[in-house]
Amino acid sequence: MRPQQGIVNASLLISHTVWRQSSPENCLGPSAYTVPAGFPTSAFPSYYLPPTSTQEAQPILHDPVLNITFPLNLTSPDTLPTVDNDPVFYPQPIGNISDATAASLVQAAIANITGVIEANNGASNCSKCQAALAVAKNVAQAAPSKVPDLLVSVCKKFKFGSNSTCINNYAATNYGAIWAQVLHFADVTGLDGRYICNGLSRSFCPAPTVSPLNTTNLFPKPKPANLTVPEASGERVKVLHLSDFHLDARYAVASEANCTSGLCCRTNVHALGSTLPQIELPAPLYGAFRCDTPYYLGLAALQAIGPLTGTTKDCPLAWSIYTGDLVSHDSQNQLSRAYVEYTEYSVYEMLREYLRSPVFPVLGNHDSNPVAIDAPHSEPYGLGRQFSWNYDHVAALWQHDGWINSATAREAKLHYGAYSVKNQYGLRIITLNTDFWLRSNYLNYYNMSDPDVSGMQSFLIKELQAAEDCGERVWIIGHVLTGWDGSNPLPNPTDLFYQIVDRYSPHVIANVFFGHTHEDQFMIYYANNGSDPSIANALTTGWIGPSVTPLTNLNSGFRMYEIDTGSFDIYEAYTWYSDVSSFPDLNTSSTGPTFHFEYSTREAYDIGWPEDAPLNATYWHAVTEAMERDISLVSKFNTFEGKMSVMTPNCTSEACARAKICYMRSASAALGRKCPQGYGSVQSAFNPS
């Protein structure tokens, strides 16, 4: 028997029959829904500043987990911070040197690095970079707290960025202390160093190729010879997929929405060639293409979900998944633990209030501080616990909201915010902290030959094996996708994940879900590590959910799936969007934004698929084959990718179509990087290379 740890709490189990429905297609709402004018003030108990047509709301939020009330100056657009004053952590120095000696060491290191970089000895950029890292490593081991000063000085000296960029990247309170840890532990002259140099700039070192994976004893049991996929029950329920909310509580109405750098719709930015207080494009009440989600837009989307999906007390959502990223895209010096905690509490409270059914969230790369950084528990000197504040917080919030029980909360605190839970329908949901395969998590850059330093994927294997033994079906939920064009993840961890999906599909893993790109995309996992991407080898689909945030140049959107409660396959997927280009012209005194039905997956890609067959990996591979025959289907997909945004570039050429189809068949970084590059995102003009 599988232990009962991870089953949702009793109140959700009692509601089991309430949430079941047999004909979700009869419950769809209208093709469009216009949100009522004004702010739904009942969303929060009280406000520092009430919402108006010229100002973002500033709710008074009391976090029941931390037992604190967040102050107004944390989120006020008029009090943007310039320094993150959170504690920083360094590894233990090897030896004990005086401050004067440490200062001299830094100056000597700057001189040595200068000599390495300026040497005209025929050495490659990669060799020079690794040699410079070796000098910096000496400082990181002898005087780790001096590493930020060293990195800022070198960055400024060689103009690797503007002075402000160098500070924002390498100051101690930004990423400097993190880099001290990386340099202290990494093998900078070996594979670690090549990854670090490539991560700093692709012009320094070429991207390392995927390392051979030893699968001996990787799995507790071999894959069964006679696989049986559970039969469909014929009963279907509705499941919502939300992603990348990116709430901007500091959004400033009428500030510059077309700024030249950073996050727009803030009081501290302006347009090219303009001087404050001149505004080129005033930030609309509900958001803009270069801005994150104001409260007005986030709540408008949540208000639209019920009417559009046809979910009510009589026809409710069965459950929802949230694939990460709550926090806005602030520069690092404006972020803090408190701002992350505020946003976590605020967004989860809104989801709880409006969705009224279990939500299964994951952490995104922006749901941390510093952004994208998570440390493996194995990091020495106790540094493996430096982000436990965040895992403890979200796990307790999820338990407080009734989405997981106390045993699962303890599991989430232990596994970097990841957990395994069996929901009220019998589906096993396994969530992951995907920062451990993200390129921009710098703490991934040591022990690079080990694809699972954190143990996250060992946890996944353990849970999948238990699910196989018990005949359970599984959804895997993460944030950062494992493949597509290969630009986001690291090759070794995603190669391992691909092998895990191969081992436990299609009989255990029904579907995989991600967010992160803000775009509507999908990937297909194939047998034999994707070596033969054919319809016979298609195993599992990776669904990449559209974002609520419009950043960058996208419309705001969300998706709903029709799920069979026997097989937990997807039989239909519907997507809705709101046209961000219409927001400046809204008469907000009389109306809010309109959310429109965008498309039905089965109807949009009508390939003659049987009505009683799921939209599984076989279906999606057949879609890619249809795209090869008719590239207008790729153009349609490309339009959906940006959620009908007027800013989306066209994909009408054979080159673009071939690249997109390649991405769809590439569910690991190694596979994605083999595809033609430059067509992976619709947030700017394509740049083929």
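The structure we're discussing is the one just above.
What comes next concerns the included structure. Note that this is a predicted model, so its numbers are computed, not measured. (Residues numbered from 1 in each chain as written. Predicted model: local features only at pLDDT ≥ 70, side-chain atom pairs only at ≥ 80, totals over all residues. Heavy atoms only, no water.)

**What to know about the overall build of the protein chain**
Thought 1: A tally of helices and strands in the protein chain yields 18 helices and 17 strands.
Thought 2: Expected size for 689 residues packed as a compact globule is a radius of gyration near 26 Å; at 25 Å, the protein chain falls within 12% of this value.
Thought 3: Referenced to the eigenvectors of the C-alpha coordinate spread, the extents of the protein chain come out at roughly 75 × 65 × 55 Å.
Thought 4: Per-residue burial for the protein chain yields a buried fraction of 61% across its 689 residues. (Helix = DSSP H or I, 4+ residues; strand = E, 2+ residues; numbered from the N terminus. Rg over C-alpha atoms; globule rule 2.2 N^0.38 Å. Buried < 20%, exposed > 50% of the residue type's maximum accessible area, 1.4 Å probe, protein only.)

**What about the nonpolar core?**
Thought 1: Counting 203 residues, the largest nonpolar core has Leu242, Trp319, Leu351, Leu464, Trp475, Phe497 and Tyr605 as the members making the most contacts within it.
Thought 2: The element that contributes the greatest number of residues to this core is helix 8 (residues 295-309), accounting for 10 residues.
Thought 3: When residues no more than four places from it in sequence are discounted, the contact partners of Trp475 are Val239, Trp319, Ile321, Leu427, Arg428, Ile429, Ile430, Ala510, Asn511, Phe513, Ile563 and Phe568. (Core = buried A, V, L, I, M, F, W, Y, C linked by side-chain atoms within 4.5 Å. Contact = heavy atoms within 4.5 Å.)

**Overview of the sheet that holds strand 13 (residues 521-526)**
Thought 1: Read from one edge of the open sheet, six strands run 9-10-11-12-14-13, paired in mixed fashion. Two strands in the sheet have a free side with no partner beyond their single neighbour: strand 9 (420-422) and strand 13. Within the sheet, the average angular offset between the axes of one strand and its neighbour, ignoring direction, is 20°.
Thought 2: Pairing of strand 9 with strand 10 (residues 428-431), which is carried by three bridges, proceeds in the antiparallel orientation. Across the sheet, residue Lys422 finds its bridge partner in strand 10, namely Arg428. (Pairing = 2+ DSSP bridges. Axes fitted to C-alpha atoms, helices over the stretch in contact; angles between N-to-C directions.)

**What to know about the sheet that holds strand 7 (residues 319-322)**
The strands making up a sheet associate through backbone hydrogen bonding, with each pair oriented either parallel or antiparallel.
Thought 1: The strand order 1-17-16-15-6-7-8 describes an open sheet built from seven strands, whose pairing is mixed. Each of the sheet's edge strands pairs with one partner strand only, and the pair in question is strand 1 (32-34) and strand 8 (359-361). Ignoring strand direction, the axes of neighbouring strands in this sheet form an average angle of 20°.
Thought 2: Judged from the six bridges that link them, strand 6 (residues 236-242) and strand 15 (residues 556-564) form a sheet pairing that is antiparallel. Note that in strand 15 the partner of Lys238 across the bridge is Glu562.
Thought 3: Seen against the sheet, helix 8 touches strand 1, strand 6, strand 15, strand 16 (570-578) and strand 17 (594-600) and runs at an angle of roughly 35° to strand 15.

**As for the packing of helix 8 against helix 9 (residues 337-355)**
Thought 1: Packing of helix 8 against helix 9 leaves a shortest axis separation of 9 Å and a crossing angle of 25°. Between helix 8 and helix 9, the angle falls in the class roughly parallel. Two packed elements cross with a definite hand, and for helix 8 against helix 9 that hand is right-handed. When helix 8 is examined against helix 9, the residues Tyr295, Leu299, Leu302, Gln303 and Ile305 are found in contact with a partner set consisting of Tyr342, Ser346, Met350, Leu351, Tyr354 and Leu355.
Thought 2: Across the contact of helix 8 with helix 9, the residue classes tally to nine nonpolar, two polar and no charged. (Parallel < 35°, antiparallel > 145°, perpendicular 65-115°, else oblique. Left-handed = near helix turned anticlockwise from the far one by under 90°. Nonpolar A, V, L, I, M, F, W, Y, C, P; charged D, E, K, R; others polar.)

**Remarks on the pairing of strand 15**
Thought 1: The buried count for strand 15 comes to nine of nine residues, which makes it a mostly enclosed element.
Thought 2: The alternating pattern of strand 15 places Ser556, Phe558, Met560, Glu562 and Asp564 and Gly557, Arg559, Tyr561 and Ile563 on opposite faces, both of which are buried.
Thought 3: The pairing of strand 15 with strand 16 spans eight bridges and is antiparallel. Paired with Glu562 across the two strands is Glu572, which belongs to strand 16.
Thought 4: Between strand 15 and strand 16, which follow one another and run antiparallel, lie five residues, and Phe568 among them has a positive phi close to 60°.

**Notes on the environment of Thr434**
Thought 1: Here Thr434 lies in the loop between strand 10 and helix 12 (456-470).
Thought 2: A residue is classified by how much of its surface remains accessible, and Thr434, at 1% relative accessible area, is buried.
Thought 3: Among all residues touching Thr434, those that are not within four sequence positions of it are Gly478, His479 and Val480.
Thought 4: For Thr434, the side chain forms a polar contact with the main-chain nitrogen of His479, separated by 3.3 Å. (Polar contact = N/O pair within 3.5 Å; in protein donor to acceptor, adjacent residues only side chain to side chain.)

**Some points on the pattern of salt bridges**
Side chains that carry opposite charge are capable of pairing whenever their charged atoms lie near each other.
Thought 1: Applying the stated criterion across every chain yields a total of 17 salt bridges.
Thought 2: Across the pair Arg356 and Glu353 runs a salt bridge, and its minimum N-O distance is 3.3 Å.
Thought 3: In this structure, the salt-bridge partner of Asp520 is Arg559, at a minimum N-O distance of 2.4 Å. Here Arg559 lies in strand 15 and Asp520 lies in the loop between strand 12 (509-514) and strand 13, a separation of 39 residues in the sequence. Taken individually, Asp520 and Arg559 each receive the classification buried, so the pair is uniform in this respect. (Salt bridge = Lys/Arg side-chain N within 4 Å of Asp/Glu carboxyl O.)

**As for a negative patch on the surface**
Thought 1: A surface patch of like charges, here negative, comprises Glu603, Asp606, Glu611 and Asp612.
Thought 2: The residue Asp606 is located in the loop between helix 14 (601-604) and helix 15 (617-629) in this model. (Patch = residues over 30% accessible without salt bridge, like charges linked within 9 Å, V, L, I, M, F, W, Y side chains within 5 Å. Areas by Shrake-Rupley, 256 points an atom, 1.4 Å probe, with all protein chains shown as cover. Lys, Arg positive; Asp, Glu negative; His and termini not counted. Charge placed at Lys NZ, Arg CZ, Asp CG, Glu CD.)

**Let's talk about the packing of aromatic side chains**
Thought 1: In the structure shown here, the tally under the stated rule is 46 aromatic pairs.
Thought 2: Here the aromatic rings of Trp576 and Phe597 are separated by 5.9 Å at their centres, their planes lie at 75°, and the arrangement is edge-to-face. Separated by 21 residues along the polypeptide, Trp576 in strand 16 and Phe597 in strand 17 bring together distant segments of the chain.
Thought 3: Looking at Trp576, the relative accessible area reads 1%, which means it is buried.
Thought 4: A cation over an aromatic ring shows up here: Arg250 above the ring of Tyr339, its NZ or CZ 3.8 Å from the ring centre.
Thought 5: Lying across the ring of Tyr504, Arg503 places its NZ or CZ 4.1 Å from the centre. (Phe/Tyr/Trp six-rings, centres within 6.5 Å; stacked < 30°, edge-to-face > 60°. Lys NZ or Arg CZ within 6 Å of the ring centre and 35° of its normal.)

**A short note on the pairing of strand 17**
Thought 1: The pairing of strand 1 with strand 17 spans three bridges and is antiparallel. By the bridge assignment, Thr34 is partnered in strand 17 with Thr594.
Thought 2: Examined bridge by bridge, strand 16 and strand 17 share five bridges and lie antiparallel to one another. Bridge pairing in strand 17 places Trp576 opposite Phe597.

**Some thoughts on the packing of helix 16 (residues 632-641) against helix 17 (residues 654-664)**
Thought 1: Packing of helix 16 against helix 17 brings their axes to within 10 Å, and their N-to-C directions diverge by 65°. With respect to their mutual orientation, helix 16 and helix 17 come out roughly perpendicular. Considering the relative orientation of helix 16 and helix 17, their crossing is left-handed. Residues Val634, Phe637, Asn638 and Glu641 of helix 16 touch helix 17, and the partners they reach there are Ala657, Lys660, Ile661 and Met664.
Thought 2: Looking at the contact of helix 16 with helix 17, its residues break down into five nonpolar, one polar and two charged.

**Here's the deal with the side chain of Asp564**
Thought 1: Along the chain, Asp564 turns up in strand 15.
Thought 2: Arg236 is the oppositely charged side chain nearest to the buried, salt-bridge-free Asp564, at an N-O distance of 5.1 Å.
Thought 3: A distance of 2.7 Å separates a polar atom in the side chain of Asp564 from the backbone nitrogen of Gly566.
Thought 4: The residues touching Asp564, leaving out its near neighbours within four places in the chain, are Glu231, Ala232, Ser233, Gly234, Glu235, Arg236, Asp569 and Tyr571.

**Points about the state of the cysteines**
Thought 1: A full pass over the atoms with the stated rule returns seven disulfides.
Thought 2: Covalently, Cys662 is tied to Cys675 through a disulfide, its sulfur atoms 2.0 Å apart. In this structure, the disulfide formed by Cys662 and Cys675 twists by about -80° around the S-S bond and is classed as left-handed. In this pair, Cys662 sits in helix 17 while Cys675 sits in the segment after helix 18 (669-672), placing the two residues 13 residues apart along the sequence.
Thought 3: Cys662 sits in the partly exposed class, given a relative accessible area of 23%. (Disulfide = S-S within 2.5 Å.)

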